[in-house]
Each structure stands twice: as C-alpha cells, then as structure tokens.
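Working through the structure, step by step
What follows is each chain in one-letter form.
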Amino acid sequence: MKKIPNSPCPARPAGTASHWIAAACAALLAGCGGGGSSDGLPQLAAATGAQLGACADLASKFSFANTTITSAAPVAEGPLPAATATAVAGPVVGAHCQVKGEMFRRTSPQDTKSYAIGFEMRMPNDWNGRFFYQANGGLDGNVGTALGAIGGSAPNFSNALKMGFAVISSNAGHDTPGPSFGIDAQARLDYGYNAAVKLTPMAKSLISSAYGKGPDRSYFGGCSNGGRHTFVATTRLPDQYDGFLAGAPGYRLPLAATANMFSAKQLLKVPGTTVADLSVAFPTPERVVVSKAILSKCDALDGATDGIVQDVAACQKAFDLNRDVPTCSGARDGTCLSADQKTALAPIFSGATDSTGKKFYASLAYDAGISGTSFATWKFGASKNLDTGAVATVWGVPPISQTGFDGPTYLTSTSVDTMLASIAATNSTYLESALSFMQPVNPSNLSTLKNRGAKVMVYHGVSDPIFMHDDTVTWYENLRSANNGNAADFARFYAVPGMGHCAGGPATDQFDMLTPLVNWVEKGQAPDSVIATARGAATTAGAANVDVPASWAPGRTRPLCSYPQVARLKAGATDLESASSFSCQ
Ligand SMILES: [Ca+2]
C-alpha cells in the first residue's frame, strides 16, 4: 500500500487561535496510484485560472432566462461578517464578487405563497477556473453562505471559495425554514432535484460573464441532505459535473427519516421513557457502557488500542450487544443495560422494519461513537421534531398541513406502515412520490460520469445515527457489482470511524477531500487515502469537539482509507497519535 507521508506543515503562525490551519495543511493526499489512462477512462484536462472582470455591473450586464440578479457587490479580503450579533466572525476569505439573485419566481397554486429558487454566487477575484455547487443540508430553505465545505467543520477550516473556486449556494426553491413548503408540489421537486438542474446552466453562464470564460472543471458537494443532493446529481447531472464530493449521503432520506421514527418508537418501549424525553431510554452513561464494550471487543482488531475501531466489518462480527454488555441484575445504575433496553435497542442496530418484519432501512454499525453527542441530537430530538414534519408535510401524499401540527403526536399516533405508504404515494396534484424526487435515479448506474472521466468521493461517519454508514456500504457494494467488482477507478468511499453525522464523535473529523478529488479528476492521482485530523480543546467557538477523549493528543491524525481497505498499525510503530504509524490494508 501507499506510504502515508508525515505532514510537511509549517509551525503554526503566531497569533492564530486554533490548530485548524495545521489540520487543513495536514489533509494531504497520500499516494498517487492508478488513475489516468491506465484504467482506460478518459483523463480530463486541468483547469486554468482567470481574473475577475467587473463585479458590480454584473447586476445589469448578466442576462439569463427566468433569472433576476438582485445585487452584485465586491467583498474585500478578510473575515466574513458574523451571521448574528453574538456569533463569531465568519471565515477569512479572499477578495471576491458576491452576486445574489433568484430564478423562476412564481405563486403556488396549492398554498398561494410566493416561491423562487434563491441563490448567491461568490466568485473570487483570483479564480482557479473551477465551479463548485454547494449543496446545503436539512430541509434547505435559506441561502447558506457560498463557501463550499470540503470535509472540515471548524470555522476556520479551508473551503472551496478560499481555494479559488466560484461557489454557488441556494435555498433549493423555498425561502422558509421548516417543512411547510411541502404543500407546494413544485417546491417539493425543486428541493428534491430540480433546483440544481435549473441553477447549474445559469451559474456556468454567470461565470462566463464574470471571467470571460466558463468553468473548465465543475464540482458538486455537500454533507447530509447535501450529500443526498450530490448523489442525486451523480444520476441527474452526470454530464454537468466532473467531481462529486458526498458526505453522509442521505440518499434514501425519506426512508432514513422513517427509520429514525421507528427508532424512537423502540426507545418508547423502554419503561419510564416518554416522548417528552426519549433520552431516558438510553442516556449518556449507558451509551458510554456500550461504547466501552464495543471498544473492548473491537479496538485492537486493527492492531492499535487507540479508541478507534478501524476494522468496522470485523467489529460487526465480533461484537454482540446481548452477550458483551452486562445485563442489570437489579435496577438500572449506569453500568449495565436492562433486559428491556436490550430488547428495545436491538432492532435499532439491526435495521428498521415494517409491521411484517421487512427491513426497509440499513443497520446502525456498532462503533465507539455511540457515546457521542450526535446520537442524542438525532435519536432523541430530530426523531420527533424534524423527521415528523418532513415525512408528514414534505414527502407524504397527501401532505399534512403544518397548521396545528405537533411532531411528537404524529410520531406516537402514526404507524411506520402508514408513513411508508405515504412517502411512496402519488395523486393528481403530487405526481412524483418522495421515493422518486428525493432519491438518485439509479445510484448503481454511474456509467455516464464514469465514461467521461468524472470521479466520485464519498465519506461517512461510522457512528452517524441518522443516515447509516451501512447504507453507504450497501450502495458502494452495489456499485462494485455493477462494475465487474471494482468501482475504484471512478468512485471511492471513505469510512470515518467514530464520527457522527457529518462531524463530531470520538473521531478524526477534519479533512480536505476536495483537493484529492481535484487531483484525481484533473491529474489522474487516485486517492488511496486522505489524512484526517482530530479536533481537541480549542478557544474558537465551534472549533472544539467535546466528544474527543482527553487522552488523545490535540491534532491526532489518521488515514481515511478507500473502502474496503482499513487503516492498520504498521509493524513496530508506536506513535498512536500520528497517521504515519498506520497504513491502509
Ligand atoms: Ca483501534
């Protein structure tokens, strides 16, 4: 396997508040194997940069069908303004042009509200010749700052804009947060896939107006629902983008949300648990007990007892919840699980089922990150406050109005079978089901992008409690099967052990996946592994990760390995804090 180089990062500059600069610098592509012409796929040419022409006059100069530019203004180099009066300043970016606008303004025939696909584009003065479509998370509904996340979540981590990309962000077709837009049939489709379809040619044309040429290479990326958008784009826009970077792809999002409500119903079976406080069923001390039991069985399987389970597949065979976690002999005391808990929790791990016992979503992997904050956020909160409204109003047919809607009541009073039927239904107003408009057309058939030389990189936290890592494994296995057993010449998947949903968990959760993706697309350097860095104590708001054990050195690094390879301790290596002690095998 490829050697992982030590970080060549310079010492941290004086006065910088965090170690994210070092993290960004350390996130290097390790090894440059394969790719290019050796696999018979076309090699795309590298992008060449250009300088921004005028900025402010784009508002009057640029013209595109069904598009209104509302402002165009230069932004000076420096930190972006804080989002709120109490928030910390935004990340430092280079000088660029910020263009705001909207497409397809219209009035809904269903709810009579006004809708449009709102967007902003940020185009750097010193442009690298590339376009990045920033796919946003959750239910969309606001135009997030067009920075282009690349795999690191800390505030000062690098981003596509800083790297010189022209970046677009959109509200995906509705400008209100929450699920109420689901009443409008077109807004559903725009959120599902159509905003990206409509924005892409406009964005490329705007880039042409700004720089005198269109983008040489185009990239599409995001995490969570943004990862879903990216998977959808691999099947609906395979000729429009050259690189796809999908994090925690909720590519079966309506099913995942229903599965999370299945999980909540299981938690409610634990005596004493109410919908008002689902955490009673599986609070932090008992999740720590399970996490420690998993580590006891699985940590050393990769050669290093370091708090990280790298060999995920072996762990699923080695660990048994019933056998390996102590069963309380008396009352629950935080050192054991009751028999009721084990019975209730088992189906959450093995995968959600309908009333006939048929599994409709993936299993939750046994992994150390179950003790992390991500589990509580998604299992105890989102299952009653977010998934409920999404299934009922955005995906269900007919939709349930948000007027007077109560998530916890919907959760407890609606069967999983009813939910599953509603997300598969259509009628004369809602012509596409959620299973159609939310999901990629056929994620195992990526032949169009493959055959033109485009590439796909996917990462997923093994302890993601809402979109299962195991679902992404299934996707990748299906992709391999559809490509004679090997998809690695155009698509690669990187598990992030311990990581929760997009970030957090006892994990090395900061990494730059965009640089290796560009090097793969434009130079043929296949990314066998990507170096990831852990967050630790930090003074910048949002820069710390409370789930990282105190025993880890700040800035611990690990290689994230291209599936199915696993990071294993090298023979004789002793430094458990450095990626250089590990190799992908
Ligand atoms: Ca280990």
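As the structure is a computational prediction, the values presented were derived from the model and not from experiment. (Residues numbered from 1 in each chain as written. Predicted model: local features only at pLDDT ≥ 70, side-chain atom pairs only at ≥ 80, totals over all residues.)

A look at the overall build of the protein
For clarity, the cut-off: Only runs of H or I of at least four residues qualify as helices and only runs of E of at least two qualify as strands under DSSP, and these elements are numbered from the N terminus. Atoms counted for the radius of gyration: C-alpha only. Globule rule: 2.2 Å times residue count to the power 0.38. For every residue pair, C-beta atoms are placed from the backbone, and the pair is scored as a contact if these atoms sit within 7 Å.
Counting its secondary structure elements, the protein contains 17 helices and 18 strands. The C-alpha atoms of the protein give 23 Å as radius of gyration, which agrees with the globular expectation for 585 residues (25 Å, within 12%). Long-range pairs, those at least 24 residues apart, make up 72% of the contacts in the protein with a sequence separation of at least 6.

Notes on the packing of helix H5 (residues 253–267) against helix H10 (residues 373–385)
Going by this rule: For every element, the axis is a line fit to its C-alpha atoms; helices are fit only across the contacting stretch, and the angle between N-to-C directions ranges from 0 to 180 degrees. By definition in this entry, angles of less than 35 degrees are roughly parallel, angles greater than 145 are roughly antiparallel, angles of 65 to 115 are roughly perpendicular, and the rest are oblique.
At a closest axis distance of 9 Å, the pairing of H5 and H10 adopts a crossing angle of 110°. The angle between H5 and H10 places the two elements in the roughly perpendicular class. Residue-level inspection shows Asn260, Met261, Ser263 and Ala264 of H5 in contact with H10, the latter providing Trp378, Lys379, Ala382, Ser383 and Lys384.

A word on helix H17 (residues 514–523)
As a reminder of what qualifies: Exposure in this text rests on C-beta crowding, where 20 or more other C-beta atoms within 10 Å of a residue's own make it buried, 12 or fewer make it exposed, and counts in between make it partly exposed. The C-beta atoms are placed from the backbone.
Counting buried positions along H17 yields seven of ten residues, so the element is predominantly enclosed. Phi turns positive, to about 75°, at Gly524, one or two residues after H17.

Things to note about the packing of H5 against helix H11 (residues 387–395)
Where we set the bar: Crossings are sorted by hand: turned counterclockwise from the far helix by less than a right angle, the near helix makes the crossing left-handed, and turned clockwise it makes it right-handed. Nonpolar residues are Ala, Val, Leu, Ile, Met, Phe, Trp, Tyr, Cys and Pro. Charged residues are Asp, Glu, Lys and Arg, and all others, Gly as well, are polar.
Where H5 contacts H11, the axes come no closer than 9 Å and their chain directions differ by 135°. One way to sum up the angle between H5 and H11 is to call them oblique. Crossing geometry of H5 relative to H11 is assigned as left-handed. For the pair H5 and H11, contact is made by Pro254, Ala257, Thr258, Asn260 and Met261 and by Asp387, Thr388, Ala390, Val391 and Trp395, respectively. Classifying every residue of the contact of H5 with H11 gives six nonpolar, three polar and one charged.

A short note on the nonpolar core
Nonpolar side chains in soluble globular proteins tend to be buried together. Rules: Buried Ala, Val, Leu, Ile, Met, Phe, Trp, Tyr and Cys residues whose C-beta atoms connect them within 7 Å together make up a nonpolar core.
Met121 and Val167 are the most contacted members of the largest nonpolar core, which totals 159 residues. For this core, the element with the highest residue contribution is helix H3 (residues 185–211), accounting for eleven residues. Excluding anything up to four places from it in sequence, Met121 contacts Val99, Ala146, Ala166, Val167, Ile168, Ala203 and Leu206.

A few points about the sheet that holds strand S9 (residues 130–134)
Spelled out, the test is: For two strands to be treated as a pair, DSSP must find no fewer than two bridges joining them.
Pairing in this open sheet of nine strands is mixed, and the strands run S3-S6-S7-S10-S9-S11-S12-S13-S14 from one edge to the other. Every other strand in the sheet has two partners, leaving strand S3 (67–75) and strand S14 (491–496) as the edge strands with one partner each. Averaged over neighbouring strand pairs, the angle between their axes works out to 15° when direction is ignored.

Digging into the environment of Ser218
Tracing the backbone shows Ser218 in strand S11 (residues 217–223). The buried category is assigned to Ser218, around which 24 C-beta atoms lie within 10 Å. Along the sequence, Ser218 and Ala259 sit 41 residues apart, while their C-alpha atoms lie 34 Å from each other.

Some words on unusual backbone geometry
Note that the residue after Val397, namely Pro398, is joined by a cis bond; omega there is -5°. Looking at where Pro398 falls in the secondary structure, it is placed in the loop between H11 and helix H12 (407–413). At the junction of Tyr563 and Pro564, the peptide bond is cis and its omega measures out at 5° in the coordinates. With respect to the element layout, Pro564 can be found in the loop between strand S16 (557–561) and strand S17 (567–569). In the Ramachandran plot, Ala248 falls in the positive-phi region, its phi being about 40° despite a non-glycine side chain. Structurally, Ala248 is set in the loop between strand S12 (243–247) and H5. By C-beta crowding, Ala248 is classed as buried, having 29 other C-beta atoms within 10 Å. Positioned with a positive phi, Asn484 is a non-glycine residue whose angle comes to about 55°.

Brief notes about the environment of Gly40
Note that Gly40 resides in the loop between strand S1 (29–30) and strand S2 (50–51). Once the C-alpha coordinates of Gly40 and Asp489 are considered, the two residues, 449 residues apart in sequence, prove to be 9.2 Å apart.

Here we look at the pairing of S14
This is how the line gets drawn: A right-handed crossover is one whose linking path, passing over the helix from the first strand to the second, runs clockwise when the strands point away from the viewer.
Most of S14 is tucked away: six of the six residues are buried. Residues Ala491, Phe493 and Ala495 point to one face of S14 and Arg492, Tyr494 and Val496 to the other, with burial holding for every one of them. In this structure, strand S13 (residues 455–461) lies alongside S14, joined through six bridges in parallel fashion. Paired with Val458 across the bridge in S14 is Phe493. Note that the unit made of S13, helix H16 (residues 469–481) and S14 has a crossover that is right-handed.

Things to note about H10
Threshold: Residue count minus one, scaled by 1.5 Å, sets the expected span of a helix.
Taking 1.5 Å per residue as the helical rise, H10 with its 13 residues ought to reach 18 Å, and the 17 Å between its terminal C-alpha atoms agrees with that figure. Here H10 has its buried residues at Ser374, Phe375, Trp378, Lys379, Phe380, Ala382, Ser383 and Lys384. Looking at the buried residues of H10, the elements they touch are H5, helix H6 (284–298), H11 and H12.

Quick word on the confidence of the model for the protein
Convention followed: Each residue carries a pLDDT score, the predictor's own confidence in it, on a scale running from 0 to 100.
Put simply, the protein has an average pLDDT of 92, and 91% of its residues get 70 or more. With pLDDT under 50 throughout, residues 1–37 is counted as low confidence; its partners more than four residues away or in other chains account for 90 contacts.

Concerning the environment of Thr273
Among the structural elements, Thr273 can be located in the loop between H5 and H6. Excluding residues that lie within four positions of it along the chain, Thr273 makes contacts with Leu267, Leu268, Leu278, Val280 and Ala281.

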